[in-house]
Amino acid sequence: MTWRSIGFLLLFAAGTSAAHKPSDSYLTLTMHSGASNVSCQWDIALRDLDLALDLDADSDHAITWGEVRARERDLFGYALGRLQLDDGAASCPLVPGELRVDDHSDGAYAVLEFFAACAQPPVRLGVDYCLLFDIDPSHRGLLRLDADGISRSAVLSPTGPAQSRQQFDLTQTSRLDTFRQFAGDGMHHIWIGYDHLLFLISLLLPAVLTRRDATWQPVASLRSALLGVLAVVTAFTVSHSITLTLAALDLIDLPSRLVESGIALSVLLASLNNVWPIVTRRGWVLAFAFGLVHGFGFAGVLGDLGLPRGALTLALAGFNIGVEIGQLAVVLAVVPLIYLLRHTHFYRPGILVGGSSTIALVAGVWFIGRVFGLGLG
Amino acid sequence: MQYCRASRHSRLAAAVFAAAMLVSAVAHAAPHRPAEDGVVLERLSPATVALRSLRGESAALKTEAKLVDALAAARRYVELGRTHSDPRAYGYAQAALGTWWSSDHAPPELLVMRARILQFRHDFGGALAQIEAALKADPLNPEAWLLFASIEQVRGNVRASRMACLKLIPLADPLIGTTCAASTAALGGHAQQGERVLAAVLARPTAGSNSERAWAWTTLAEMRERLGDAAGAESAFRQALALAPDDVYGRAAYADLLLDLDRPRDVRLLLGVDPAQADATLLRAALAAKRIGDADAPLLLASLAERFAEARARGDETHLREQARFALELDHDSASALDLARRNFAVQREPADARVLLESALAAGDRQAAAPALDWLRDTGVDAPRLRGLAGQLAKEMRR
């Protein structure tokens, strides 16, 4: 055998070079409880449809809206012939709607709107998919199901762990589940979000003291300590709830670097205020002002979790209440301890000043790292 | 109604997908009906047109195709896919193989073709299994040895790669054997000799095809670039691109050199404005645009972010190196970059993979995370002053 039998060459690096986008379609199904119709939107790349249906009628290597529109019926026929929805008992006929177009990151897509007319409100929604698998076995259908605001996703493929059939049990999740899930996420975020914890602790440390004649004195009663804590916690809650809501509803959108830097700055200033006191009587003012920034931070997390569109308020409420529960747990753990320690000689130099200085140091590093994008925390 | 056979399994994908799809849903424009019939929605690139006409031909032979015809069609798809780095073409190649894709009795040529497709999808284990079977049946198969060398090089197994290149030398054209051997020699600490030998072979007349010579020039360029010879690397890249102007790998590698030389404007000139281009070149275009402060920088960035989100949604992990660079250099998120770079280095271990891992570890201040790259540098003895510099910097930072 001579070298010529290689025929053509596979570059060494061929496997390492990142690719064009592979072929994907985006299928979004929306349902509401009690309704037997499922509304569907299916985005399919024109490039893929052209291969199957020869959309470029005049072969000028450009696909125009006129060429697509003229084949509207064929497009629906081709695509809907490769999708089947069922309600668990019987297949749901697919009824074509409007054809539109949209741009994705890799080119133009046909957007097919249609609905599935099920005989009854589906309890178990089945999806069978085989679009393009005969032409390109590496094609995938990215499916999203929004049922009463709860989003679920699946990848449809001809073989392998993902499959061409997906079934969704719609009895399993309820609005309560959405709420619970997001409340859990909120609590989790407080526990792993050291910046929020340190901010809260910085505000709580002086709550068992009172400022008199330029020195810190222990508060006399549990009642006045608790009132101070209550004011701080309430102010923080109200303010971060405001910005969390505004951001989650897309009314305000701040760059995450600004928000994250702002949060670090708030921790820095709150802790420094314990070392060199400026705001001493109205800690709640600090809590309120800086709480606004923290709310944007929570919204960033909530955005990353993927908000169910139909249950936005439910998810938002769940997440916020989760955050409050997490915060309350911190208060319950910290306040009794510092209340008992407030008389000790150690408390003021060791915990208030020493602890706050440590927090300030950490927050300073965060702040510089986040402002300059150094990735220090 | 025509329908497909469906399996009865169901599996919910992770909730991450929902987030990714939400992101991708937000990033593009809203669905609409254009006002005029004449509005051009999509221009088919020459590569797409070529694929389209190939498809027209092979659809005719589809039913009960003879293996030799199926392989010929698959080969042409793969060649186009390789040049343009287009995964769809590899999908068409698989489809062209039809039932041969999964048949148990496969001759060596079929095994090698399957390996080629699997390798593109970064299923290196699967690809190597096919190659081993091919070499068992035909120990003198040059394509199989070349592919073997290529995969082992990508996986960072320099010794295994060199062994395969030595097997290849008597079976292949001197240009191919030398490029293979020189490339692995450079990774094994013999870059100077490798560079000399390869440059000498390239100076001689050869029967090699344009794409083979372009590959050799690109390999030479990368060797010189690692040795710090920027001018020599640039002239070799230009030779390569004169032979294969569309080659995505070569263009991306040349763009990297230009970025390192702080010549972002030349990167923009090299890559042009094609929003539908391959991820590899789109990333370099975005890096250059951001450095210059070009008006389209935010658009390029958003487009890349959307592509990565879509890749995550489909469960595609072939872009990890590019994603890590995106996170590190454009998103300034060193924690994510480090995570991506580590996962990438677990799969592929070439100098560029080591570099992004070292840089991410440095940015995140986590020397421990760079250990696999440091070990690899030590074990292979690769000649790469820049990588050695990064490793030294990492050691110094940590001592502080």
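Residues numbered from 1 in each chain as written. Chains lettered and ligands numbered in written order. Predicted model: local features only at pLDDT ≥ 70, side-chain atom pairs only at ≥ 80, totals over all residues. Heavy atoms only, no water.

Chemist: How would you sum up the side chain of Ser271 of chain A? Please name residues and give values.
Modeler: Residues and elements named next belong to chain A. Mapped onto the elements of the fold, Ser271 is located in helix 7 (residues 256–275). Here Ser271 falls in the buried class, since its relative accessible area comes to 0%. Within the structure, the side chain of Ser271 is placed 3.0 Å from the backbone oxygen of Leu268, a separation counted as a polar contact. Look past the residues within four positions of Ser271 in its chain and what remains in contact with it is Ser202, Ser356, Ile359 and Ala360. (Helix = DSSP H or I, 4+ residues; strand = E, 2+ residues; numbered from the N terminus. Buried < 20%, exposed > 50% of the residue type's maximum accessible area, 1.4 Å probe, protein only. Polar contact = N/O pair within 3.5 Å; in protein donor to acceptor, adjacent residues only side chain to side chain. Contact = heavy atoms within 4.5 Å.)

Chemist: Residue-level account of the confidence of the model for chain B, with values.
Modeler: Residue and element names in this part refer to chain B. Mean pLDDT over chain B works out to 86, with 90% of the residues at or above the 70 mark. Averaged pLDDT values for the elements of chain B fall to 38 in helix 1 (residues 16–27) and rise to 96 in helix 12 (residues 230–243). Across residues 5–28, where pLDDT falls below 50, the model places 53 contacts with residues more than four positions away in sequence or in other chains. Our summary of model confidence lists the complex with pTM equal to 0.68 and ipTM equal to 0.80. (pLDDT = per-residue confidence, 0-100.)

Chemist: Explain the state of the cysteines to me, using residue names and the numbers behind them.
Modeler: Applying the stated rule across the entire model yields 2 disulfides over all chains. Between the sulfur of Cys92 of chain A and that of Cys118 of chain A lies a disulfide, 2.2 Å long from S to S. The disulfide joining Cys92 of chain A to Cys118 of chain A has a torsion of about 100 degrees about its S-S bond and is therefore right-handed. In this pair, Cys92 of chain A sits in strand 5 (residues 91–92) while Cys118 of chain A sits in the loop between strand 7 (107–117) and strand 8 (124–129), placing the two residues 26 residues apart along the sequence. Here Cys92 of chain A matches Cys118 of chain A in class, with each residue buried. At a sulfur-sulfur separation of 1.9 Å, the disulfide partner of Cys165 of chain B is Cys180 of chain B. Across the S-S bond linking Cys165 of chain B and Cys180 of chain B, the dihedral sits near -75 degrees, which makes this disulfide left-handed. Separated by 15 residues along the polypeptide, Cys165 of chain B in helix 8 (residues 158–168) and Cys180 of chain B in helix 9 (residues 174–187) bring together distant segments of the chain. Under the relative-accessibility criterion, Cys165 of chain B is labelled buried at 0%. Here Cys40 of chain A stays free of any disulfide, with the sulfur of Cys118 of chain A as its closest cysteine sulfur at 8.6 Å. (Disulfide = S-S within 2.5 Å.)

Chemist: Quick one: what's the story with the environment of Gln84 of chain A, residue by residue and with numbers?
Modeler: All names here are of chain A. For Gln84, the location among the structural elements is in strand 4 (residues 83–86). With relative accessibility at 21%, the residue Gln84 sits in the partly exposed group. Residues Gln84 and Tyr129, 45 residues apart in the sequence, show an inter-C-alpha distance of 6.6 Å.

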